[in-house]
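Architecture and fold: a report
Residues per chain, in single letters:
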Amino acid sequence: MNKISFKIGLLFFVAIFLLESISMFFLHDNIIHSRVHDELSALQTRGNNHREILEASFHEETIRHIAMMEARTDTQVILTTPEDGIYMSSNKVTDEMKKILKRTPKNVPHNGLILEDDWKHATYIASISPVIIDNKVKGYVYMFQNTQKIKDLISELNRHFLLAGLLSLLFMMIIIVFLTRAVTHPLIKMSDATKRISKGDFSVSLPKLGKDEMGELGESIKVLASDLEILKNERNEFLASISHELRTPLTYIKGYAEIARRGDTTAADRDNYLGIIHEEAVKLAKLVKDLFNLAKMDENSFSIEKEEVHLLPYFQGIIEKVSPALKENNMQLLLSCPSELYKELDPIRFEQVIVNLLDNARKYSEPHTKITVTVNQEDDKLHIAVRDEGKGIPEKDLARIFERFYRVDKSRTRALGGSGLGLSIVQQLVEAHGGTIEVFSNLNVGTTFKILF
Ligand SMILES: Nc1ncnc2c1ncn2[C@@H]1O[C@H](COP(=O)(O)OP(=O)(O)OP(=O)(O)O)[C@@H](O)[C@H]1O
Ligand SMILES: [Mg+2]
């Protein structure tokens, strides 16, 4: 039995038990009340019947006849004179009866009265009916009935109630057990599933839970499990890629350092090797910096500090910085930007976006081609496009180039010093600014990256 089942079961039990007890109590009370009422009115009716006969013929003969009739039943009749003398009694008059006889009220109505109705404590219930002939009271008909009969009846009734109570309690328990199971079963399954997920078992299978909130919860758990699995796999791949990316430059550095150290290496060769070592170290430094930036973005621990930026001078400044590298390749860079455009940006971080895009445009294009940066405002939206006339990106790779470490041509881009992190940094930064980035490309025609705010 788990805690939740016990809790819900107990709650059900207490609620139903209370409800049942209250309704049983009222039913019991009502039944007893009406049974006693029936007995009392039957007794009184019987007394009234005797009285009617006596009023019709008040004779020795009739009186004896009534006494004889009554002697065979479980009721008893006593006929008294108006002054409390006893004419006749169908059975022996007990002391108890005498006490009741003394209680005769003054004006008894013609339809009679109940003299004793305390069936619980008294020995008899009793009624009185006056015999009135010619407007004069000739006597009183007293009727007595032993209360034992009613007591027996009531105790029989109590037994039935007890039995019914016990039976319904039993049924109630059975129903509660099934009901709690039905309610808690999916919850327990889900709790088990989450425990298994936290231990790394993502193959959760949950029973069909319907379309209610419970079903939604189950669905969420399944989605969570598969998301977690994807995340875990991604992380493993990511770690594998990182260690691979780090290993390559380190192997170069180690290898060239060893050769450089050898005694028979000429000074010219050594210079050459040191150059390579330096180059690899620079790559390594960039890689580590990029990784650090990405990690910070993942954690959301880096903040975008926006300020109003006048776009034309801002872009001119960036282009000036990158133009030496472009001049080396004899490439041309054109900027088209209206002079009166302003935008809330984090100037340092957004500069990295543009620099990364321009760096790609340069790396993946031939000398003597043109790169165009276009900035314009269209229906309340800011468009920034970086277009090159380079080799383009194959259709099948387009969807993946924003992934970490994804490169179209691993061997060639390695030579160009790329690790495949540039575009994922670009995408993260653009999204952190509240924008989106898209890519359009034609093989051997060129590539365009479009940023939209
Ligand atoms: N303008 C472009 N023209 C053609 N291919 C591109 C262009 N920009 C990106 N690519 C392709 O997309 C891949 C991913 O680009 P990304 O900038 O993320 O990595 P990288 O340039 O290889 O390395 P890094 O930018 O980290 O130095 C590149 O390796 C390249 O194959
Ligand atoms: Mg790049």
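Residues numbered from 1 in each chain as written. Chains lettered and ligands numbered in written order. Predicted model: local features only at pLDDT ≥ 70, side-chain atom pairs only at ≥ 80, totals over all residues. Heavy atoms only, no water.

Pairing is antiparallel in the open sheet, where five strands are placed in the order β2-β1-β5-β4-β3. Sheet topology places β2 (86-89) and β3 (113-116) at the edges, where each strand pairs with a single neighbour. Here the average twist between neighbouring strands, direction ignored, is 25°. Bridging between strand β1 (residues 75-80) and β2 involves three bridges; their strand directions are antiparallel. Across the sheet, the residue bridging to Ile78 is Ser89, located in β2. With respect to the sheet, helix α1 (residues 3-56) is in contact with β1, β3, β4 (124-133) and β5 (136-146), its orientation differing from that of β4 by roughly 25°. (Pairing = 2+ DSSP bridges. Helix = DSSP H or I, 4+ residues; strand = E, 2+ residues; numbered from the N terminus. Axes fitted to C-alpha atoms, helices over the stretch in contact; angles between N-to-C directions. Contact = heavy atoms within 4.5 Å.)

Below, the discussion takes up a nonpolar patch on the surface. Where nonpolar side chains cluster on the molecular surface, the patch consists of Leu163, Leu167, Leu170, Phe171, Ile174, Ile175, Phe178 and Leu179 and spans about 810 Å² of accessible area. As for its position among the elements, Leu170 is in helix α4 (residues 148-198). (Patch = residues over 30% accessible without salt bridge, like charges linked within 9 Å, V, L, I, M, F, W, Y side chains within 5 Å. Areas by Shrake-Rupley, 256 points an atom, 1.4 Å probe, with all protein chains shown as cover. Salt bridge = Lys/Arg side-chain N within 4 Å of Asp/Glu carboxyl O.)

A few words on the sheet that holds strand β9 (residues 370-378). One open sheet accounts for five strands, arranged β7-β9-β10-β12-β11; its pairing is mixed. Taken across any chain shown, the strands that pair with only one partner, and hence form the sheet edges, are β7 (332-336) and β11 (436-442). Averaged over neighbouring strand pairs, the angle between their axes works out to 15° when direction is ignored. Sheet topology places β7 next to β9; five bridges connect them, and they run parallel. Considered in β9, the bridge of Ser336 is made with Thr374. Lying over the sheet, helix α7 (residues 311-328) contacts β7, β9 and β10 (381-387), oriented at roughly 175° with respect to β7. On the sheet, helix α11 (residues 422-432) packs against β11 and β12 (446-452) and is oriented at approximately 140° with respect to β11.

You will see that Asp380, though not glycine, has its phi angle at about 70°, which is positive. If you trace the backbone, Asp380 turns up in the loop between β9 and β10.

Attention now moves to the site of ligand 1. Surveying the vicinity of ligand 1 reveals 20 residues, the closest of which are Lys286, Asn360, Asp388, Gly420 and Leu423. In the environment of ligand 1, an oxygen atom lies 2.9 Å from a nitrogen or oxygen atom belonging to the side chain of Lys286. One of the backbone nitrogen or oxygen atoms of Val408 is found 3.1 Å away from an oxygen atom of ligand 1. Contact with the protein chains hides 98% of the accessible area of ligand 1, taken as 590 Å² for the molecule alone. (Near = heavy atom within 4 Å. Polar contact = N/O pair within 3.5 Å; in protein donor to acceptor, adjacent residues only side chain to side chain.)

Inspection of the secondary structure assignment puts Ser5 in helix α1. Sequence-distant contacts of Ser5, that is, excluding residues within four places in its chain, are made with Thr180, Thr184 and Ile188.

We now examine a positive patch on the surface. Together, Lys3, Lys7, Lys195 and Lys199 give the surface a local cluster of positive charge. If you trace the backbone, Lys7 turns up in helix α1. (Lys, Arg positive; Asp, Glu negative; His and termini not counted. Charge placed at Lys NZ, Arg CZ, Asp CG, Glu CD.)

The domain boundaries assigned to the protein chain delineate domain 1 (3-153), domain 2 (233-298) and domain 3 (303-452). Of note, the centres of domain 1 and domain 3, computed from C-alpha atoms alone, are 107 Å apart. (Domains from an automatic or database assignment.)

Relative orientation of the contacting elements α4 and helix α5 (residues 213-261) amounts to 10°, with a least axis distance of 11 Å. Here α5 runs roughly parallel to α4, going by the angle between their axes. Contacts between α4 and α5 involve Val183, Pro186, Leu187, Met190, Ala193, Thr194 and Ile197 from the first element and Met214, Leu217, Gly218, Ile221, Ala225 and Leu228 from the second. For the contact of α4 with α5, the per-class residue count stands at eleven nonpolar, two polar and no charged. (Parallel < 35°, antiparallel > 145°, perpendicular 65-115°, else oblique. Nonpolar A, V, L, I, M, F, W, Y, C, P; charged D, E, K, R; others polar.)

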